[in-house]
Amino acid sequence: MTLTGCVTAVQANFYRVKLDQPQASTDRLLCVRRARLKKIGQQVCVGDRVVVTEPDWQGMRGAIAEVLPRHNFLERPAIANIDRLILVFAFPEPDPMQISRFLVYGEFLQTQVILCLNKRDLIDEPTWQTWHARLLDWGYDAIPLSVEQGEGIDRLKTHLGKGIGILAGPSGVGKSSLINRLMPEQQVPTGSVDPKYGRGRHTTRHVELFELGNGGQLADSPGFLQPLLPMTPLALGACFPEIKRQIKTDRCEFSDCLHQGEPGCKVSTDWERYSHYCQFLAEVQTQASLRAETTNPEAKTKTKKGGAEPLLSKKKYRRSSRRSLVQSLDQDLEGTGQT
Ligand code: GDP
Ligand code: ZN
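To start, this report covers the structure provided alongside it.

Cut-offs used in this document
- Residues numbered from 1 in each chain as written.
- Chains lettered and ligands numbered in written order.
- Predicted model: local features only at pLDDT ≥ 70, side-chain atom pairs only at ≥ 80, totals over all residues.
- Heavy atoms only, no water.
- Helix = DSSP H or I, 4+ residues; strand = E, 2+ residues; numbered from the N terminus.
- Buried < 20%, exposed > 50% of the residue type's maximum accessible area, 1.4 Å probe, protein only.
- Contact = heavy atoms within 4.5 Å.
- Salt bridge = Lys/Arg side-chain N within 4 Å of Asp/Glu carboxyl O.
- Donors = N, O, S within 2.8 Å, 3.2 Å for Na, K, Ca; no water.
- Tetrahedral: all angles 85-135°; square planar, octahedral: opposite > 155°, others 65-115°.

**Some thoughts on the environment of Gly47**
One can find Gly47 in the loop between helix 1 (35-39) and strand 4 (49-56). The exposure class assigned to Gly47 is buried, which follows from its relative accessible area of 1%. Residues Gly47 and Thr8 lie 39 residues apart in sequence; the distance between their C-alpha atoms is 6.2 Å. Beyond its immediate sequence surroundings of up to four residues, Gly47 is in contact with Cys6, Val7, Ala80, Asn81, Ile164 and Leu209.

Written out as C-alpha coordinates, the structure reads:
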(Lines give C-alpha, C1' and ligand atoms only; values in the text may rest on other atoms or scores of the structure.)
(Ligands and ions follow the chains in the order given, each with its own letter.)
Protein backbone atom coordinates (compact mmCIF):
# COMPACT_ATOMS: atom_id res chain seq x y z
CA MET A 1 0.00 0.00 0.00
CA THR A 2 1.42 3.40 -0.98
CA LEU A 3 0.43 6.69 0.58
CA THR A 4 1.47 10.31 0.22
CA GLY A 5 1.74 12.98 2.86
CA CYS A 6 3.63 15.95 4.23
CA VAL A 7 6.40 15.88 6.84
CA THR A 8 5.29 18.04 9.76
CA ALA A 9 8.13 17.39 12.20
CA VAL A 10 11.56 15.84 12.27
CA GLN A 11 13.10 14.46 15.40
CA ALA A 12 16.36 12.54 15.32
CA ASN A 13 15.71 9.83 12.73
CA PHE A 14 11.94 9.99 12.94
CA TYR A 15 9.59 11.91 10.73
CA ARG A 16 6.00 12.75 11.53
CA VAL A 17 3.96 12.57 8.36
CA LYS A 18 0.46 13.95 7.90
CA LEU A 19 -1.28 11.78 5.36
CA ASP A 20 -3.20 13.12 2.37
CA GLN A 21 -5.58 10.17 2.73
CA PRO A 22 -6.45 9.98 6.44
CA GLN A 23 -7.49 6.59 7.76
CA ALA A 24 -10.18 5.95 10.34
CA SER A 25 -7.60 5.26 13.00
CA THR A 26 -5.21 8.13 12.31
CA ASP A 27 -4.10 10.78 9.85
CA ARG A 28 -0.50 10.76 11.03
CA LEU A 29 2.29 8.20 10.96
CA LEU A 30 5.66 8.22 12.64
CA CYS A 31 8.08 7.23 9.92
CA VAL A 32 11.66 6.25 9.39
CA ARG A 33 13.60 6.94 6.23
CA ARG A 34 14.21 3.99 3.94
CA ALA A 35 17.84 2.89 3.80
CA ARG A 36 17.90 3.59 0.08
CA LEU A 37 17.24 7.29 0.70
CA LYS A 38 20.03 7.36 3.24
CA LYS A 39 22.34 5.74 0.74
CA ILE A 40 21.70 8.33 -1.94
CA GLY A 41 22.03 11.12 0.64
CA GLN A 42 18.40 12.21 0.27
CA GLN A 43 17.54 14.39 3.26
CA VAL A 44 13.99 14.58 4.47
CA CYS A 45 12.86 17.82 6.05
CA VAL A 46 9.75 19.54 7.32
CA GLY A 47 7.47 20.50 4.45
CA ASP A 48 8.63 17.65 2.25
CA ARG A 49 5.98 15.82 0.27
CA VAL A 50 6.74 12.14 0.66
CA VAL A 51 5.64 8.68 -0.39
CA VAL A 52 5.03 6.41 2.61
CA THR A 53 5.06 2.64 2.43
CA GLU A 54 4.53 -0.23 4.87
CA PRO A 55 1.95 1.54 7.03
CA ASP A 56 1.31 -0.15 10.35
CA TRP A 57 -2.00 1.37 11.42
CA GLN A 58 -1.91 -0.17 14.87
CA GLY A 59 1.54 1.07 15.74
CA MET A 60 0.97 4.20 13.62
CA ARG A 61 4.32 3.67 11.93
CA GLY A 62 5.53 3.79 8.35
CA ALA A 63 8.57 4.22 6.12
CA ILE A 64 9.40 7.10 3.79
CA ALA A 65 10.34 5.61 0.44
CA GLU A 66 10.53 8.71 -1.69
CA VAL A 67 10.76 12.49 -1.43
CA LEU A 68 8.82 14.30 -4.13
CA PRO A 69 10.45 17.26 -5.91
CA ARG A 70 10.55 20.48 -3.84
CA HIS A 71 9.36 23.77 -5.25
CA ASN A 72 11.65 25.68 -2.92
CA PHE A 73 13.86 25.09 0.06
CA LEU A 74 14.95 27.14 3.02
CA GLU A 75 18.22 26.00 4.50
CA ARG A 76 18.18 27.39 8.02
CA PRO A 77 15.92 26.09 9.44
CA ALA A 78 15.42 23.35 6.86
CA ILE A 79 11.90 23.70 5.46
CA ALA A 80 10.73 22.68 2.00
CA ASN A 81 7.84 23.84 -0.14
CA ILE A 82 7.15 27.17 1.54
CA ASP A 83 4.06 28.82 0.09
CA ARG A 84 4.27 32.08 1.95
CA LEU A 85 6.67 34.07 4.00
CA ILE A 86 5.09 36.17 6.71
CA LEU A 87 7.56 38.92 7.47
CA VAL A 88 7.14 40.70 10.77
CA PHE A 89 8.78 43.98 11.71
CA ALA A 90 7.77 46.41 14.40
CA PHE A 91 7.37 50.05 15.23
CA PRO A 92 8.56 52.42 16.54
CA GLU A 93 11.65 52.03 14.35
CA PRO A 94 11.53 49.32 11.73
CA ASP A 95 14.92 49.11 10.00
CA PRO A 96 14.41 49.71 6.26
CA MET A 97 17.58 47.89 5.24
CA GLN A 98 16.59 44.86 7.28
CA ILE A 99 13.07 44.85 5.81
CA SER A 100 14.64 45.04 2.39
CA ARG A 101 16.92 42.10 3.06
CA PHE A 102 14.02 39.87 4.08
CA LEU A 103 11.93 41.03 1.12
CA VAL A 104 14.75 40.16 -1.25
CA TYR A 105 14.99 36.75 0.36
CA GLY A 106 11.26 36.24 -0.12
CA GLU A 107 11.55 37.13 -3.80
CA PHE A 108 14.43 34.71 -4.11
CA LEU A 109 12.34 31.90 -2.62
CA GLN A 110 9.60 32.80 -5.08
CA THR A 111 6.95 32.55 -2.46
CA GLN A 112 4.15 34.91 -1.63
CA VAL A 113 5.40 37.57 0.80
CA ILE A 114 3.08 38.98 3.45
CA LEU A 115 4.61 42.01 5.08
CA CYS A 116 3.38 42.91 8.56
CA LEU A 117 4.31 45.88 10.69
CA ASN A 118 3.51 45.12 14.31
CA LYS A 119 3.18 47.40 17.35
CA ARG A 120 1.06 49.82 15.35
CA ASP A 121 -0.19 50.99 18.76
CA LEU A 122 3.16 52.71 19.35
CA ILE A 123 2.81 55.21 16.51
CA ASP A 124 0.27 57.75 15.25
CA GLU A 125 -1.76 57.68 12.05
CA PRO A 126 0.44 60.04 9.97
CA THR A 127 3.52 57.93 10.81
CA TRP A 128 1.70 54.81 9.68
CA GLN A 129 0.56 56.52 6.48
CA THR A 130 4.12 57.54 5.71
CA TRP A 131 5.41 54.00 6.16
CA HIS A 132 2.55 52.50 4.20
CA ALA A 133 3.19 54.81 1.25
CA ARG A 134 6.93 54.18 1.42
CA LEU A 135 6.51 50.40 1.26
CA LEU A 136 3.94 50.67 -1.54
CA ASP A 137 6.59 52.58 -3.40
CA TRP A 138 8.94 49.64 -2.95
CA GLY A 139 6.26 47.40 -4.41
CA TYR A 140 4.76 45.94 -1.23
CA ASP A 141 1.54 46.47 0.65
CA ALA A 142 1.93 46.14 4.40
CA ILE A 143 -0.53 44.98 7.03
CA PRO A 144 -0.55 47.03 10.23
CA LEU A 145 -0.75 44.82 13.30
CA SER A 146 -1.05 45.31 16.98
CA VAL A 147 -0.81 41.76 18.20
CA GLU A 148 -1.18 42.98 21.74
CA GLN A 149 -4.45 44.77 21.01
CA GLY A 150 -5.70 42.22 18.50
CA GLU A 151 -5.58 44.68 15.60
CA GLY A 152 -5.05 43.38 12.08
CA ILE A 153 -5.13 39.71 13.05
CA ASP A 154 -8.33 38.94 11.13
CA ARG A 155 -6.99 40.71 8.06
CA LEU A 156 -3.78 38.71 8.25
CA LYS A 157 -5.76 35.47 8.61
CA THR A 158 -7.51 36.12 5.31
CA HIS A 159 -4.08 35.82 3.65
CA LEU A 160 -3.22 32.54 5.33
CA GLY A 161 -4.98 29.95 3.22
CA LYS A 162 -3.89 26.44 2.31
CA GLY A 163 -0.21 25.67 2.26
CA ILE A 164 2.85 26.23 4.38
CA GLY A 165 3.65 29.61 5.89
CA ILE A 166 6.73 30.59 7.78
CA LEU A 167 7.17 33.55 10.08
CA ALA A 168 10.36 35.51 9.86
CA GLY A 169 11.77 38.73 11.15
CA PRO A 170 14.15 40.05 13.77
CA SER A 171 13.67 39.14 17.40
CA GLY A 172 11.52 41.24 19.65
CA VAL A 173 9.03 42.23 16.95
CA GLY A 174 6.23 40.03 18.30
CA LYS A 175 6.48 36.79 16.30
CA SER A 176 5.87 34.55 19.31
CA SER A 177 2.98 36.76 20.41
CA LEU A 178 1.55 36.44 16.90
CA ILE A 179 1.86 32.65 16.92
CA ASN A 180 -0.01 32.60 20.22
CA ARG A 181 -2.77 34.73 18.68
CA LEU A 182 -3.04 32.60 15.57
CA MET A 183 -2.78 29.27 17.40
CA PRO A 184 -3.93 29.76 21.00
CA GLU A 185 -3.30 26.10 21.79
CA GLN A 186 0.37 26.55 20.90
CA GLN A 187 1.45 29.06 23.58
CA VAL A 188 5.11 29.75 23.03
CA PRO A 189 6.87 31.95 25.58
CA THR A 190 7.27 35.60 24.56
CA GLY A 191 9.55 38.47 25.31
CA SER A 192 12.36 36.36 26.69
CA VAL A 193 15.88 36.20 25.40
CA ASP A 194 18.02 33.28 26.44
CA PRO A 195 20.57 34.85 28.81
CA LYS A 196 23.18 32.25 27.97
CA TYR A 197 23.25 32.90 24.25
CA GLY A 198 21.74 36.36 24.18
CA ARG A 199 19.29 35.13 21.60
CA GLY A 200 15.61 34.43 21.52
CA ARG A 201 14.79 30.89 22.54
CA HIS A 202 13.34 30.29 19.14
CA THR A 203 16.61 30.07 17.31
CA THR A 204 16.65 26.33 17.94
CA ARG A 205 16.91 23.95 15.05
CA HIS A 206 13.68 22.19 15.83
CA VAL A 207 10.94 23.07 13.39
CA GLU A 208 7.39 21.90 13.38
CA LEU A 209 4.35 22.60 11.24
CA PHE A 210 1.16 23.47 13.08
CA GLU A 211 -2.37 23.53 11.76
CA LEU A 212 -3.94 26.95 11.44
CA GLY A 213 -7.37 25.37 11.31
CA ASN A 214 -8.23 26.56 7.78
CA GLY A 215 -6.16 24.05 5.84
CA GLY A 216 -3.05 26.17 6.25
CA GLN A 217 0.03 25.30 8.25
CA LEU A 218 2.47 27.53 10.04
CA ALA A 219 6.06 26.68 10.83
CA ASP A 220 6.58 27.47 14.45
CA SER A 221 10.12 28.58 14.00
CA PRO A 222 11.13 32.19 13.98
CA GLY A 223 14.62 30.70 13.73
CA PHE A 224 14.95 32.08 10.23
CA LEU A 225 16.49 35.33 11.29
CA GLN A 226 19.52 36.12 9.20
CA PRO A 227 18.99 35.77 5.53
CA LEU A 228 22.38 35.65 3.90
CA LEU A 229 21.40 36.47 0.36
CA PRO A 230 22.02 33.27 -1.58
CA MET A 231 21.44 34.50 -5.13
CA THR A 232 23.98 35.31 -7.85
CA PRO A 233 24.78 38.96 -8.62
CA LEU A 234 22.78 38.70 -11.83
CA ALA A 235 19.73 37.25 -10.07
CA LEU A 236 19.64 39.98 -7.42
CA GLY A 237 18.05 42.54 -9.72
CA ALA A 238 15.04 40.27 -10.23
CA CYS A 239 14.43 40.44 -6.47
CA PHE A 240 13.61 44.16 -6.66
CA PRO A 241 10.16 45.06 -8.01
CA GLU A 242 11.49 48.56 -8.71
CA ILE A 243 14.07 47.16 -11.15
CA LYS A 244 11.65 44.72 -12.75
CA ARG A 245 9.25 47.61 -13.30
CA GLN A 246 11.90 49.73 -15.01
CA ILE A 247 13.15 47.10 -17.43
CA LYS A 248 9.79 45.55 -18.20
CA THR A 249 9.40 47.35 -21.53
CA ASP A 250 12.83 48.87 -22.00
CA ARG A 251 15.61 46.35 -21.39
CA CYS A 252 19.22 47.22 -20.62
CA GLU A 253 21.57 46.90 -23.57
CA PHE A 254 23.51 43.98 -22.08
CA SER A 255 21.75 40.96 -20.71
CA ASP A 256 24.28 40.69 -17.88
CA CYS A 257 23.81 44.32 -16.81
CA LEU A 258 24.17 44.84 -13.05
CA HIS A 259 22.68 48.34 -13.26
CA GLN A 260 25.80 50.05 -12.02
CA GLY A 261 26.04 52.72 -14.68
CA GLU A 262 26.94 50.35 -17.53
CA PRO A 263 26.45 51.71 -21.03
CA GLY A 264 22.89 51.26 -22.19
CA CYS A 265 21.58 50.54 -18.67
CA LYS A 266 17.91 51.42 -18.39
CA VAL A 267 17.69 51.38 -14.58
CA SER A 268 17.79 54.78 -12.95
CA THR A 269 19.60 55.39 -9.68
CA ASP A 270 16.84 57.62 -8.44
CA TRP A 271 14.77 55.35 -6.24
CA GLU A 272 14.91 54.80 -2.50
CA ARG A 273 16.22 51.26 -2.41
CA TYR A 274 18.91 51.75 -5.02
CA SER A 275 21.44 52.05 -2.19
CA HIS A 276 20.14 48.77 -0.71
CA TYR A 277 20.52 47.14 -4.10
CA CYS A 278 24.12 48.34 -4.34
CA GLN A 279 25.00 47.10 -0.87
CA PHE A 280 23.38 43.68 -1.43
CA LEU A 281 25.12 43.44 -4.79
CA ALA A 282 28.48 43.95 -3.10
CA GLU A 283 27.54 41.21 -0.62
CA VAL A 284 26.49 38.64 -3.18
CA GLN A 285 29.56 39.43 -5.26
CA THR A 286 31.71 38.73 -2.22
CA GLN A 287 29.93 35.44 -1.67
CA ALA A 288 30.23 34.53 -5.34
CA SER A 289 33.96 35.10 -5.32
CA LEU A 290 34.25 33.08 -2.12
CA ARG A 291 32.49 30.19 -3.79
CA ALA A 292 34.73 30.51 -6.83
CA GLU A 293 37.74 30.43 -4.55
CA THR A 294 36.53 27.26 -2.87
CA THR A 295 35.80 25.43 -6.09
CA ASN A 296 38.95 26.74 -7.75
CA PRO A 297 41.65 27.44 -5.15
CA GLU A 298 44.04 28.37 -7.98
CA ALA A 299 41.98 31.46 -8.69
CA LYS A 300 43.20 33.15 -5.54
CA THR A 301 46.88 32.77 -6.25
CA LYS A 302 46.39 33.79 -9.85
CA THR A 303 45.07 37.18 -8.83
CA LYS A 304 47.56 39.73 -10.05
CA LYS A 305 48.46 42.84 -8.16
CA GLY A 306 45.70 45.33 -8.77
CA GLY A 307 44.04 42.67 -10.89
CA ALA A 308 40.82 40.78 -10.63
CA GLU A 309 40.15 41.36 -6.99
CA PRO A 310 37.47 44.05 -6.77
CA LEU A 311 34.85 41.54 -5.66
CA LEU A 312 36.67 41.32 -2.35
CA SER A 313 37.50 44.95 -2.21
CA LYS A 314 35.74 45.64 1.07
CA LYS A 315 38.59 45.85 3.50
CA LYS A 316 36.79 44.22 6.38
CA TYR A 317 36.21 41.06 4.37
CA ARG A 318 39.92 40.57 3.75
CA ARG A 319 40.71 37.83 6.17
CA SER A 320 43.41 35.23 6.12
CA SER A 321 41.19 32.22 5.63
CA ARG A 322 37.89 31.39 4.07
CA ARG A 323 36.51 30.18 7.35
CA SER A 324 37.13 33.39 9.22
CA LEU A 325 35.79 35.27 6.26
CA VAL A 326 32.49 33.44 6.38
CA GLN A 327 32.37 33.98 10.10
CA SER A 328 32.94 37.67 9.62
CA LEU A 329 30.04 37.80 7.18
CA ASP A 330 27.88 36.15 9.80
CA GLN A 331 29.06 38.54 12.45
CA ASP A 332 28.33 41.47 10.21
CA LEU A 333 24.82 40.21 9.81
CA GLU A 334 24.44 39.75 13.52
CA GLY A 335 25.67 43.30 13.87
CA THR A 336 22.67 44.42 11.90
CA GLY A 337 20.52 43.33 14.81
CA GLN A 338 19.05 40.27 13.14
CA THR A 339 19.71 37.97 16.04
P1 GDP B 1 9.60 37.73 19.10
O2 GDP B 1 10.99 37.83 19.66
O3 GDP B 1 9.55 38.26 17.71
O4 GDP B 1 9.00 36.38 19.22
O5 GDP B 1 8.72 38.77 19.96
P6 GDP B 1 7.78 38.48 21.21
O7 GDP B 1 6.48 37.91 20.76
O8 GDP B 1 8.53 37.73 22.24
O9 GDP B 1 7.48 39.98 21.69
C10 GDP B 1 8.50 40.86 22.10
C11 GDP B 1 7.90 41.96 22.97
O12 GDP B 1 7.03 42.79 22.20
C13 GDP B 1 7.06 41.40 24.10
O14 GDP B 1 7.37 42.13 25.27
C15 GDP B 1 5.63 41.66 23.66
O16 GDP B 1 4.76 41.87 24.76
C17 GDP B 1 5.77 42.93 22.85
N18 GDP B 1 4.71 43.06 21.85
C19 GDP B 1 4.23 42.11 21.02
N20 GDP B 1 3.23 42.59 20.26
C21 GDP B 1 3.08 43.89 20.59
C22 GDP B 1 2.20 44.93 20.13
O23 GDP B 1 1.33 44.76 19.27
N24 GDP B 1 2.37 46.17 20.69
C25 GDP B 1 3.30 46.41 21.64
N26 GDP B 1 3.38 47.64 22.15
N27 GDP B 1 4.13 45.45 22.12
C28 GDP B 1 4.03 44.20 21.59
ZN1 ZN C 1 21.01 47.83 -16.30
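The discussion continues.
**What about the pattern of salt bridges?**
Enumeration according to the criterion identifies 14 salt bridges in this entry. Of the charged contacts, one joins Arg49 and Asp20 as a salt bridge, the two residues approaching to 2.5 Å between their closest N and O atoms. Of the two residues, Arg49 sits in strand 4 while Asp20 sits in the loop between strand 2 (14-19) and strand 3 (28-33), which places them 29 residues apart along the sequence. A relative accessible area of 29% means that Arg49 is categorised as partly exposed. Note that Arg273 and Glu242 form a salt bridge whose closest N and O atoms lie 2.7 Å from each other. Residue Arg273 is found in the loop between helix 7 (241-247) and helix 8 (274-295), and its partner Glu242 is found in helix 7; the two are separated by 31 residues along the sequence. A relative accessible area of 0% places Arg273 in the buried class. Glu242 gets classed as buried once you look at its relative accessible area, which sits at 4%. Salt bridges sharing common partners tie together Lys18, Asp27, Arg28 and Glu211.

**Some thoughts on the coordination of the zinc ion (ligand 2)**
Each protein donor to the zinc ion (ligand 2) is listed here as Cys252 (SG), Cys257 (SG), His259 (ND1) and Cys265 (SG); together their distances run 2.1 to 2.4 Å. One can describe the donor arrangement at the zinc ion (ligand 2) as tetrahedral, given that its four donor atoms subtend angles of 103 to 114° at the metal. Going along the chain, you hit the donors of the zinc ion (ligand 2) in the pattern C-x4-C-x1-H-x5-C. Taken individually, Cys257 and Cys265 each receive the classification buried, so the pair is uniform in this respect.

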